[in-house]
Each structure stands twice: as structure tokens, then as C-alpha cells.
Amino acid sequence: MVSEEPVPSVRLPRVPASGYLDVRNTSIAYAGRDGDVVLAIDRVDLSVTQGEFVCLLGPSGCGKTTFLNAVAGFLAISSGQLTLKGKPIERPGPDRAMVFQQPGLLPWRDVLHNVTYGLEMSGRMRRREAKERAGELLELVGLADFARSFPHQLSGGMQQRVNLARALAVEPEILLLDEPFASVDAQTREGLQVELISICNRAKVTALFVTHDIGEAVFLADRIHVFSRRPGRILREVRVRLPKPRDRVRLSPDFFRYVQEVTEVLGSTPAAAAGVVEISKEKGHGNRRS
Ligand SMILES: Nc1ncnc2c1ncn2[C@@H]1O[C@H](COP(=O)(O)OP(=O)(O)O)[C@@H](O)[C@H]1O
Ligand SMILES: [Mg+2]
């Protein structure tokens, strides 16, 4: 039996700073009831380069949403450093847009006006300009013919595409996506994943995509950061070198190899994933795992 607790000397390889999104030794804790502290994210180090598609993969409750909220600027970190282009992230900004699991569209506005909403609020564009921009984005997400439809007339997958167009309308540099396809059916999800890669490429955005779905992470990502269960630590960074476009990649042996590798990492402890010696509680001897 291998102990669940990592030995204190666990050290992951140093992550070189990208100068874009850099996360250093970052922990995030919540104040629980009765004054206790819930540690959600534990000493995370990661870097994202501009234009990359990075997935954060981990079991439910490991702190993925917490982490994404901190990058969005909705939530303050407890310790460490979280910087975008060298500046600490302290509040939300127009350079980051969040796509939540629930599309949360405004039911009384048609599709076009759901997309223009953020532009109207920010006062960045005149109405006509905003409509033109929204029209282009609806084209990009394949919904040009549904500009005048209302949210209740669309399927879940279509609503999520409107949500994506809405997030892109403010021209963010980074899209933060929190399990955006978790509530659509499997077949629709695969189509949306294909579209998302192409949309991100064309819109030239950097994507930070949270999921607990291994196949989804392998399919989408240039790099996957695999998180442990709570408190979330990075178990391993996996660079996915599958060819792009990835439309047909799902049936390839390489795809399955990545899925297998990531599955193994997810099932391990931080110490085991880092390839360090763990101490068995029962017998008191070391087991080397890699
Ligand atoms: N506002 C909060 N107050 C206290 N604990 C919280 C709060 N939000 C989340 N948590 C706890 O932090 C941990 C991580 O939550 P979350 O980031 O939502 O995980 P994930 O998105 O990976 O499922 C969970 O144990 C959750 O219960
Ligand atoms: Mg979550």
C-alpha cells in the first residue's frame, strides 16, 4: 500500500516563465465555517504562452474553477504570484473573458442582441458597429442564420456557441472556459470541440480550458496540466503533440496513448507523478514510482 500523502520533499521540475500568463507557487484558500481554512489550490506553478491552448484537467472538486476565477480576477490568491504580461492580476479586465458551463443567455434578447450586449455595456462601439461585429462572430460560430432567434429556440450546443461568440465580442486575449461543454450531449460536444479549436485559431486567442474529461483535454490541448484531487496541485504537464487539425485524430493510436498516459497520471499521487520516493505507512519502506 502506498501512502496517500506525498513526502515533504516533493519537487516538480521548475517551470520557466513565459512572460505571458505566469503562475508561481500560488495557493488559494477559502475561509470555511467555524474559522477553518479550505485549501483549494496548493502551490501551483504553471505558465501559458500567448496563442496556446492549455487544458486544466482534474477530478471534480480539485480547485479548477477556483483557479480559473483567480485568473479571471474574480478571486484573490492567498499566496504566490499570478501575473499576466508581468503585471499581477488583481481584478477582472477586458483582456480576459469567461465562458461558463451554463450559457446564461438573456432570454428576452435575440441571439444577435445577446452578442452585442457586452459591447453595448462597455460603450466601446456604436450600436451599428456592435451589430456588425456580432454578425461576424455569429458567422464564425456557425449561427449566422439564427441571429433573430431567441435562446429558447436553440439547442444546448447552439446556446453554448452564442455564449462563445458573446465572450469573443469584447476581443479578449485570453478565453477562460470552465467545462463549457459538460452539459451538452456527447456527439454535439465532439463537434463543438472541433469548432472551438478552429475558432480560437481564427480569433487568435489564448485558451485556458477547464475539464474533468480526459478525452476532451487530449483532443483540445497543446498542453495539459493535470491536477491532483483537492487541494489541487499539478501532478504533471503533458505536451500533446498530435497533428492539427485534429478532426480525425480521435481514432489514432497516438490519441489513445495520450489518454492512457493522462489516465495513469490522474490516478497517482503528487509524489508518484513527480517520480519521487513515497513512504509506505504500513511497512515504512520506500516505493519508487515514476
Ligand atoms: N466559496 C467557497 N467557500 C468555501 N469552499 C469553497 C468555495 N468554493 C469552492 N470551495 C471548495 O473548494 C474546492 C474546490 O472547488 P472548485 O474550484 O469548485 O473545484 P472544481 O471546479 O475542480 O470542481 C472544493 O472542495 C469546494 O468545496
Ligand atoms: Mg468547477
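Refer to the structure printed above.
About the criteria used
- Residues numbered from 1 in each chain as written.
- Chains lettered and ligands numbered in written order.
- Predicted model: local features only at pLDDT ≥ 70, side-chain atom pairs only at ≥ 80, totals over all residues.
- Helix = DSSP H or I, 4+ residues; strand = E, 2+ residues; numbered from the N terminus.
- Buried ≥ 20, exposed ≤ 12 C-beta atoms within 10 Å, placed from the backbone.
- Near = placed C-beta within 6 Å.
- Nonpolar A, V, L, I, M, F, W, Y, C, P; charged D, E, K, R; others polar.
- Pairing = 2+ DSSP bridges.
- Axes fitted to C-alpha atoms, helices over the stretch in contact; angles between N-to-C directions.
- Core = buried A, V, L, I, M, F, W, Y, C linked by C-beta atoms within 7 Å.
- Domains from an automatic or database assignment.
- Contact = placed C-beta atoms within 7 Å.

Engineer: Can you help me understand the environment of Gln-260 in this one?
Structural biologist: For Gln-260, the location among the structural elements is in helix 7 (residues 253-266). We classify Gln-260 as exposed; it has 12 C-beta atoms within 10 Å. Note: C-alpha distance between Gln-260 and Ile-214 (46 residues apart in sequence) is 9.1 Å.

Engineer: Sorry, what's going on with the site of ligand 1 here?
Structural biologist: In the vicinity of ligand 1 there are 13 residues, among which Tyr-30, Ala-40, Lys-64, Thr-65 and Thr-66 approach most closely. Secondary-structure elements contributing two or more residues to the shell around ligand 1 are strand 2 (37-48) and helix 1 (64-72). At three residues, the largest contribution of residues to the shell around ligand 1 is made by helix 1. Residues belonging to the shell around ligand 1 are distributed by class as follows: four nonpolar, seven polar and two charged.

Engineer: Any chance you could explain the pairing of strand 7 (residues 174-178) here in plain terms?
Structural biologist: Put simply, side chains in a regular strand alternate between the two faces of the sheet. Counting buried positions along strand 7 yields five of five residues, so the element is predominantly enclosed. The side-chain alternation of strand 7 yields two buried faces, one formed by Ile-174, Leu-176 and Asp-178 and the other by Leu-175 and Leu-177. Alignment of strand 6 (residues 96-99) against strand 7, held across four bridges, turns out to be parallel. From the neighbouring strand, Val-99 faces strand 7, where its bridge partner is Leu-177.

Engineer: Sorry if this is basic, but what is going on with the sheet that holds strand 10 (residues 234-239) here?
Structural biologist: Each strand in a sheet pairs with its neighbour through backbone hydrogen bonds, running either in the same direction (parallel) or in the opposite one (antiparallel). Strand order in this open sheet of six strands is 6-7-8-3-9-10, and the pairing throughout is mixed. Across the chains shown, the open sheet's two edge strands, defined by having one partner strand only, are strand 6 and strand 10. Looking at each pair of strands side by side, their axes are set apart by 15° on average, direction ignored. Note: strand 7 against strand 8 (residues 206-211), five bridges, orientation parallel. In the strand pairing of strand 8, Asp-178 is matched with Val-210.

Engineer: Could you clarify how one ought to interpret the nonpolar core in this entry?
Structural biologist: Leu-175, Leu-176, Leu-208 and Val-262 are the most contacted members of the largest nonpolar core, which has 77 residues in total. With seven residues, helix 4 (residues 156-169) is the largest single contributor of residues to this core. Mapped onto the domain boundaries, this core takes at least three residues apiece from domain 1 (1-95 + 172-290) and domain 2 (106-171). If sequence neighbours within four positions are ignored, Val-262 has contacts with Leu-57, Ile-214, Ala-217, Val-218, Ile-224, Val-226 and Val-238.

Engineer: Please clarify how the pairing of strand 1 (residues 21-31) should be interpreted in this entry.
Structural biologist: Bridge count for strand 1 against strand 2 is eight bridges, and the pairing is antiparallel. Looking across to strand 2, one finds that Ala-31 is bridged to Val-37. The hairpin formed by strand 1 and strand 2 contains five residues between the paired strands, and Asp-34 there has a positive phi angle of roughly 60°. Pairing of strand 1 with strand 4 (residues 79-84) involves five bridges; the strand directions are antiparallel. Across the sheet, the residue bridging to Leu-21 is Leu-84, located in strand 4.

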